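Now for the letters of each chain:
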Amino acid sequence: MNQKRNKHNAESVVEGDINLTPARGTWLQNEVSEETKELLEKDAKYFMHQSMSTPCLDVLQNCEGPHMISVSGKKYLDFHGNNVHQIGFSHPKLVARLTEQLQNLTFSTRRYTNETAIQFAEKLTSYTPKGLNRILLTPNGSSAIGIAIKLARAITGKHKVVSFWDSFHGASLDAISVGGEAVFQEYMGPLMPGVERIPPPITYRGIFEGNEDKALEYLQYVLEKDPGISAFLAETIRNTDVQIPSKKFWKAARELCTKHGVLLILDEIPIAFGRTGTMFAYELFDIEPDILCLGKGLGGGIIPQAAIVTREEYNKFGHISLGHYTHEKSPLGAMAGLTLLEVLEEENILQKVKEDEEFMRKALYKMHRKYSLIGDVRGVGLLWGIELVTNRTTKEKAIAEAEEIMYECLKQGLSFKVSKGNVLQLSPPLTITREELEKAFEILNSAFLKTNHIA
């Protein structure tokens, strides 16, 4: 392999934790047991190594509620959870329901349906606006994105898609084609044609920083210039580093799509089901999508389950296969999704998240005032980002410092993701208690103090 192919794209290095810093080696040397080291070595021996995944940090034995527990007994509050832990890990009602389902129907062969899948579909569409009531199920979010793209092509007779740079829509080839993160595109060669990427609206950093009108102007320009566009695909709120457009932006974008006959596809795979204090994030902006992509937490943190929801009038392609997946109407996946929705209702999770949002906002703004390393704090519900900078005026990314704080938090039992190299992303289970939230902030503050980052 030549030298060029051994080098990482400069942008990909700061898109997440890609295991290149010395801090990873120090962690593995000093913070895990000998038994864990042996297991991690075996893991690294058998599994393909890839960015943001391998080598691993620890070996898990159990997960329950907001916690992960390692084989050596170390307990972590999980503020990452791959965005699947809306109702925490191993929710007792979900475990009981899945156990019961395993004693009955375990698989639904194609051309047959099952009552669990029907009940799930009925329950899911009870939350969406009138007319947005047709679904297709699939095992993972990347496939949901693929279905949405195919459906948009069939509806419009066009094939092009507009999406944002820096967006993430999944890891399959079609999903990375419409996504905008370099770490997924490196070495991939030709991607799916017909994708037009535009700069996203950003409140902190970026070429349209604090100027959403320019981002809208760019979107309008592209839609007016290119009549071949079928869809505008976007994350309603960008999950990775928590970028939240305004209601004004989304209402104007929705109007532009309608005006130009372009479908609005909203990717809420990581952020739906209460994460923002609403069942779906688009509710915050008083808009409706034409196609909604869902996944991750839809399976309750146990079963892979995803879906698209679309309009009744688009149900006219029975002669082609849009989502022909083996586990399309999985009884286990459907039971997981149905139970998730029931738990959100029964435990009044949406109201709880709104109350937790106020706690998070006050705690994080207090940290912002206290630590000069924090350049920006942004969030909604139980999804927050802390952007670290070495200088608040120049906004230079504090990449080394972000890693330093992350590993100090891990030592003290708090796990979260670092995005874009310098953003601490906090995404706890929606069932987390106030005491557990307070414990997490004790650890965060301790890490900033221990690494000497007080103002």
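A brief report on the enclosed structure follows. None of the values given here were measured: they were computed from a predicted structure. (Residues numbered from 1 in each chain as written. Predicted model: local features only at pLDDT ≥ 70, side-chain atom pairs only at ≥ 80, totals over all residues. Heavy atoms only, no water.)

### Points about the overall build of the protein chain
Next up, step 1: On a plain count of helices and strands, the protein chain comes out with 14 helices and 15 strands.
Next up, step 2: Computed over C-alpha atoms, the radius of gyration of the protein chain comes to 22 Å, within 12% of the 23 Å expected from 2.2 N^0.38 for 455 residues, which places it in the range of a compact globule.
Next up, step 3: Projected onto its principal axes, the C-alpha coordinates of the protein chain cover approximately 60 × 55 × 50 Å.
Next up, step 4: Taking all 455 residues of the protein chain together, 54% fall into the buried category.
Next up, step 5: Here the analysis covers contacts within the protein chain between residues at least 6 apart in sequence; of these, 72% occur between residues at least 24 apart.
Next up, step 6: A total of about 20,100 Å² of accessible surface is found on the protein chain, and carbon and sulfur atoms cover 52% of it. (Helix = DSSP H or I, 4+ residues; strand = E, 2+ residues; numbered from the N terminus. Rg over C-alpha atoms; globule rule 2.2 N^0.38 Å. Buried < 20%, exposed > 50% of the residue type's maximum accessible area, 1.4 Å probe, protein only. Contact = heavy atoms within 4.5 Å. Areas by Shrake-Rupley, 256 points an atom, 1.4 Å probe, with all protein chains shown as cover.)

### Focus: a nonpolar patch on the surface
Next up, step 1: Taken together, the side chains of L173, Y187 and M188 define a hydrophobic patch exposed on the protein surface, amounting to about 300 Å² of accessible area.
Next up, step 2: Locating Y187 in the fold gives a position in the loop between α8 (182–185) and β6 (195–198).
Next up, step 3: Residue classification places Y187 among the partly exposed positions, given a relative accessible area of 40%. (Patch = residues over 30% accessible without salt bridge, like charges linked within 9 Å, V, L, I, M, F, W, Y side chains within 5 Å. Salt bridge = Lys/Arg side-chain N within 4 Å of Asp/Glu carboxyl O.)

### Description of helix α9 (residues 212–225)
Next up, step 1: The end-to-end C-alpha distance of α9, which contains 14 residues, comes to 20 Å, matching closely the 20 Å that a straight helix rising 1.5 Å per residue would cover.
Next up, step 2: Of all the residues in α9, the buried ones are E212, A215, L216, L219, V222 and L223. In a view along the axis of α9, the buried residues occupy a sector of 125 degrees, so they form one face of it. Along α9, exposed side chains directed more than 90 degrees from the buried face belong to Y221 and K225. (Expected span 1.5 Å × (residues − 1). Arc of directions from axis to C-beta.)

### Quick word on the packing of aromatic side chains
Next up, step 1: Counting across every chain of the model gives 11 aromatic pairs.
Next up, step 2: Ring centres of F273 and F280 lie 5.9 Å apart, and the angle between their planes is 65 degrees; this geometry places the pair in the edge-to-face category.
Next up, step 3: Chaining the aromatic ring pairs together yields one cluster made of F164, F232, F249 and W250.
Next up, step 4: Sitting over the face of the ring of W165, R197 holds its NZ or CZ atom 5.0 Å from the ring centroid.
Next up, step 5: When the ring centre of Y204 is taken as origin, the NZ or CZ atom of K395, which lies over that ring, is 4.4 Å away. (Phe/Tyr/Trp six-rings, centres within 6.5 Å; stacked < 30°, edge-to-face > 60°. Lys NZ or Arg CZ within 6 Å of the ring centre and 35° of its normal.)

### Re helix α11 (residues 331–346)
Next up, step 1: A rise of 1.5 Å per residue sets the reference length of α11, with its 16 residues, at 22 Å; its end C-alpha atoms lie 22 Å apart and thus fit the reference within 8%.
Next up, step 2: The element α11 is largely enclosed, with a buried count of 14 among its 16 residues.
Next up, step 3: Within two residues after α11, N348 carries a phi angle of roughly 50 degrees, on the positive side.

### Describing the state of the cysteines
Next up, step 1: Here the structure, examined in full by the defined rule, presents zero disulfides.
Next up, step 2: C56 carries a free sulfur, and the closest cysteine sulfur to it, the one in C63, is 15 Å from it.
Next up, step 3: In this structure C257 is not part of a disulfide, and its nearest cysteine sulfur, from C293, lies 14 Å away.
Next up, step 4: The class of C257 is buried, set by a relative accessible area of 0%. (Disulfide = S-S within 2.5 Å.)

### Quick notes on the packing of α9 against helix α10 (residues 247–260)
Next up, step 1: The N-to-C vectors of α9 and α10 enclose an angle of 10 degrees; their axes lie 10 Å apart at closest approach. Put simply, α9 runs roughly parallel to α10. Residues E212, D213, A215, L216, L219, Q220, L223 and E224 of α9 lie in contact with α10, whose contacting residues are K248, F249, A252, A253, L256, C257 and H260.
Next up, step 2: Here the contact of α9 with α10 is built from residues that sort into nine nonpolar, two polar and four charged. (Axes fitted to C-alpha atoms, helices over the stretch in contact; angles between N-to-C directions. Parallel < 35°, antiparallel > 145°, perpendicular 65-115°, else oblique. Nonpolar A, V, L, I, M, F, W, Y, C, P; charged D, E, K, R; others polar.)

### Examining the nonpolar core
Next up, step 1: Counting 98 residues, the largest nonpolar core has F232, F273 and L444 as the members making the most contacts within it.
Next up, step 2: Here the element with the most residues in this core is α11; it accounts for nine residues.
Next up, step 3: Among residues more than four places away in sequence, those in contact with F273 are Q86, L124, T278, M279, F280, L294, G295, L298, L340, L341, L344 and L430. (Core = buried A, V, L, I, M, F, W, Y, C linked by side-chain atoms within 4.5 Å.)

### Re the packing of helix α4 (residues 92–102) against α11
Two quantities define a packed helix pair, namely the angle between the helix axes and the distance between the axes.
Next up, step 1: Look at α4 against α11: their axes get within 9 Å of each other, and the N-to-C directions meet at 150 degrees. With respect to α11, the element α4 is oriented roughly antiparallel. Note on packing geometry: the crossing formed by α4 with α11 is right-handed. Between α4 and α11, the contacting residues are K93, L94, R97, L98, Q101 and L102 on the first element and P331, L332, M335, A336, T339, E342, V343 and E346 on the second.
Next up, step 2: Residues of the contact of α4 with α11, tallied by class, amount to eight nonpolar, two polar and four charged. (Left-handed = near helix turned anticlockwise from the far one by under 90°.)

### Describing the environment of T258
Next up, step 1: Its place among the elements puts T258 in helix α10.
Next up, step 2: Sequence spacing of T258 and D290 is 32 residues, and the spatial spacing of their C-alpha atoms is 9.8 Å.

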